[in-house]
Amino acid sequence: MMRAWLTQHAFVFFHTLKRLIATPVTSLLSITVMGIALSLPTGIYVLMENLQSLSGQAASTPQMSLFLQQDAQQNDFNRVKQRLQEESRIVSFQFISKEVALKQLQQDSGLADVMAGLTRNPLPDAFIVHLEHNSSDALEQLRAEMQSWPEVAHVQFDSEWIERLNALLQLGRAVILMLATLLSVAIIAIMFNTIRLQILTKRDEIEISKLIGATDSFIHRPFLYFGTIQGLAGGIAAWLIVALFISALNEELGVLAGLYEVDIHLQHLSLQDSLSLQLFSAWLGWLGARISVANHLWQIEPR
Amino acid sequence: MIVFKNVSKRYPDGYVALNNVDLTVPAGEMVFLTGHSGAGKSTLLKLIAALERPTSGTISISGQNIAQLKPAAIPYLRRKIGFVFQDHKLLFDRNAFENVLLPLQIGNFDSKTVASRVRAALDKVGLLKKEKAMPVALSGGERQRLCIARAVVHRPSILIADEPTGNLDVEYARDIMTMFTSFNQVGVTVLIATHDASLLEDTQHRILSLKQGKLAA
């Protein structure tokens, strides 16, 4: 009995594949439509994941740079250092002299040639200050306080852009959620209609099967398989479309990154996310087919 | 055994197809059902396979009251019955073999035996050499025989045929009656509805005649 059941499922599976292959243009079009629909939210998700990992590489704790006046002397430095030590909201700090800063700049960026042409060091002495996590208001207050010290020329909030990025990413997530919801509904609707048309063309088969003792699940099975397989194929198509975009973007990024002498390239979905995408789209196909089958099959009763 | 008790069937438009029919067909019997078209022959056969529900009365098949069968149980009733349809109801996108295979797929038969079962059924109706043929390529008589093969492949205990010799010439009709007799000889209960008087001339089997929804003696 178990083997007969498995044979039956295998038969339906291959029969469904045959049906998909028998109408290659229709199948490819439906799969492409599903692929494009899914590739939109997936593509945005991939971009965001990449931005996220970029911001993850940067400092995760709030950080400020204090630039001293160009003409700061040793006792100016000492006073600032002492105040920093007294400030409880500061976790740690480090001093970077203008000489060290210049050397670092020469090593890190491709501006070595330009640097060599300079007659004097244009960089100020600086403190890099690591702060406790705090509300942006509190951090802003601290920034203003330090800015008012006479030895300090400028205080720069280094991690500000990370916060902005995170806020943007948050927005992006909301956009993805909305897009994914809308397009999922669209995919379910497409599948609903595809299955409806199939049920119409298979009316005889359904009626005859019912006449000779087919259960509802026997009759539903080929349509559910069709929906699931086509959903899965749509998911794979979406993955490939995103892969295509990434490789095209990476080429452009490669040129850009080369100019700035940094290494940036986009990563595709992780293995886990890729599997989730396939499962989700297969489920969408199944769901569309399931709803369609529930709505249309009861209308076909043998008489 | 098939037992009808006070069975009436009235259609929603008010037409009464069967009126208080009492009928008993013991297991293993072969019975003919005659009457003009519209006398209720098809309705009676459809009631047995639960293709229609009676308006009143009880119908029992091997002790099971099918008038009260739950919809989910109906497929299992139909699997006990082989139905030869007036209009064949073959699938035109499947070849002869696959058409006969359908009841076995539906009944979840073991995959190892299905091919030999299908061929045995095709052999019984003389279509073994045409197993790859599509129904369009078969003659009317061959389609009828294919329909019979499909009706018996899952070895039902009851075989029902609605006008099985409808548009066939005498030669073919006689062949088909011989087939039904041979199924009956191996213990299958056979019910045949026909208006073809020539089939009934030299039969020793019981003949039930329906007139305006009532059974005549």
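Remember, it's a predicted structure, so these values are computed and weren't measured experimentally. (Residues numbered from 1 in each chain as written. Chains lettered and ligands numbered in written order. Predicted model: local features only at pLDDT ≥ 70, side-chain atom pairs only at ≥ 80, totals over all residues.)

With respect to the overall build of chain B
Okay, step 1: When its secondary structure is counted, chain B shows seven helices and ten strands.
Okay, step 2: Over its C-alpha atoms chain B spans a radius of gyration of 17 Å, differing by no more than 12% from the 17 Å that the globule rule assigns to 217 residues.
Okay, step 3: Taken along the three principal axes of its C-alpha coordinates, chain B extends 45 × 40 × 35 Å.
Okay, step 4: Here chain B holds 217 residues, and the buried ones make up 41% of them.
Okay, step 5: Taking the contacts inside chain B whose residues are at least 6 apart along the sequence as the reference set, 70% of them involve residues at least 24 apart. (Helix = DSSP H or I, 4+ residues; strand = E, 2+ residues; numbered from the N terminus. Rg over C-alpha atoms; globule rule 2.2 N^0.38 Å. Buried ≥ 20, exposed ≤ 12 C-beta atoms within 10 Å, placed from the backbone. Contact = placed C-beta atoms within 7 Å.)

Thoughts on helix α3 (residues 96–106) of chain B
Okay, step 1: Where burial is concerned, most of α3(B) is hidden: nine out of the eleven residues are buried.
Okay, step 2: For α3(B), the full list of buried residues reads B:Ala96, B:Phe97, B:Asn99, B:Val100, B:Leu101, B:Leu102, B:Pro103, B:Leu104 and B:Ile106.
Okay, step 3: The secondary structure elements touched by the buried residues of α3(B) are α8 (203–211) and α9 (216–260) of chain A together with α4 (111–124) and α5 (140–152) of chain B.

A closer look at helix α6 (residues 170–185) of chain B
Working note: α-helix, 3.6 residues per turn, so residues spaced by three or four point in the same direction.
Residues and elements named next belong to chain B.
Okay, step 1: The terminal C-alpha atoms of α6, which comprises 16 residues, lie 23 Å apart, in line with the 22 Å expected from a rise of 1.5 Å per residue.
Okay, step 2: All of the buried residues along α6 are Ala 173, Ile 176, Met 177, Phe 180 and Phe 183. For α6, the buried positions fall inside an angular range of 115 degrees around the axis, keeping them on one side. Turned more than 90 degrees from where α6 packs its buried face, Glu 171, Thr 178, Ser 182 and Gln 185 sit exposed.
Okay, step 3: In the stretch just after α6, Gly 187 is the one whose phi turns positive, near 105 degrees. (Expected span 1.5 Å × (residues − 1). Arc of directions from axis to C-beta.)

Here we look at the packing of α3(B) against α4(B)
Residue and element names in this part refer to chain B.
Okay, step 1: Where α3 meets α4, the closest approach of the two axes is 9 Å, and the angle between their N-to-C directions is 115 degrees. Note on packing geometry: the crossing formed by α3 with α4 is right-handed. In this structure, α3 uses Ala 96, Phe 97, Val 100, Leu 101 and Leu 104 to contact α4, whose residues at the interface are Val 114, Arg 117, Val 118, Ala 121 and Leu 122.
Okay, step 2: Per-class residue counts for the contact of α3 with α4 are nine nonpolar, no polar and one charged. (Axes fitted to C-alpha atoms, helices over the stretch in contact; angles between N-to-C directions. Left-handed = near helix turned anticlockwise from the far one by under 90°. Nonpolar A, V, L, I, M, F, W, Y, C, P; charged D, E, K, R; others polar.)

Points about the interface of chain A and chain B
Okay, step 1: Across the boundary between the two partners, chain A contributes 19 residues, which contact 17 residues of chain B.
Okay, step 2: Only α1 (2–22) and α8 of chain A provide two or more residues apiece to the side of chain A that touches chain B.
Okay, step 3: Here the residues of the side of chain A that touches chain B are counted per class, giving ten nonpolar, five polar and four charged.

Examining the packing of α3(B) against α5(B)
Two packed helices can be described by the angle between their axes and the distance between those axes.
Residues and elements named next belong to chain B.
Okay, step 1: For the pair α3 and α5, the least separation of the axes is 7 Å and the interaxial angle reads 30 degrees. Taken together, α3 and α5 sit at an angle that is classed as roughly parallel. As for how α3 packs across α5, the hand of that crossing is right-handed. For the pair α3 and α5, the contacting residues are Ala 96, Asn 99, Val 100, Leu 102 and Pro 103 in the first and Leu 146, Ala 149 and Arg 150 in the second.
Okay, step 2: Tallied by class, the residues present in the contact of α3 with α5 amount to six nonpolar, one polar and one charged. (Parallel < 35°, antiparallel > 145°, perpendicular 65-115°, else oblique.)

Here we look at the confidence of the model for chain A
Okay, step 1: Chain-level pLDDT for chain A is 84 on average; 92% of the residues reach the 70-or-more range.
Okay, step 2: When the elements of chain A are averaged for pLDDT, helix α5 (residues 112–116) of chain A gives the smallest value, 69, and helix α10 (residues 271–296) of chain A the largest, 93. (pLDDT = per-residue confidence, 0-100.)

A few points about the domain arrangement of chain A
Okay, step 1: If you check the domain split of chain A, you get domain 1 (7–57 + 163–299) and domain 2 (63–158).
Okay, step 2: Inter-centroid distance (C-alpha atoms) of domain 1 of chain A to domain 2 of chain A is 51 Å. (Domains from an automatic or database assignment.)

Notes on the sheet that holds strand β4 (residues 152–157) of chain A
Working definition: the strands of a sheet are paired by backbone hydrogen bonds and lie parallel or antiparallel to each other.
All names here are of chain A.
Okay, step 1: Read from one edge of the open sheet, four strands run β2-β3-β1-β4, paired in antiparallel fashion. This sheet does not close on itself; its edge strands, each paired only once, are β2 (90–96) and β4. Adjacent strand axes in the sheet meet at a mean angle of 20 degrees, parallel and antiparallel pairs treated alike.
Okay, step 2: Note: β2 against strand β3 (residues 126–131), six bridges, orientation antiparallel. For Phe 93, the partnering residue across the bridge sits in β3 and is Val 129.
Okay, step 3: Packing against the sheet, helix α3 (residues 74–86) makes contact with β1 (63–68), β2, β3 and β4, and its axis sits at approximately 155 degrees to β1. (Pairing = 2+ DSSP bridges.)

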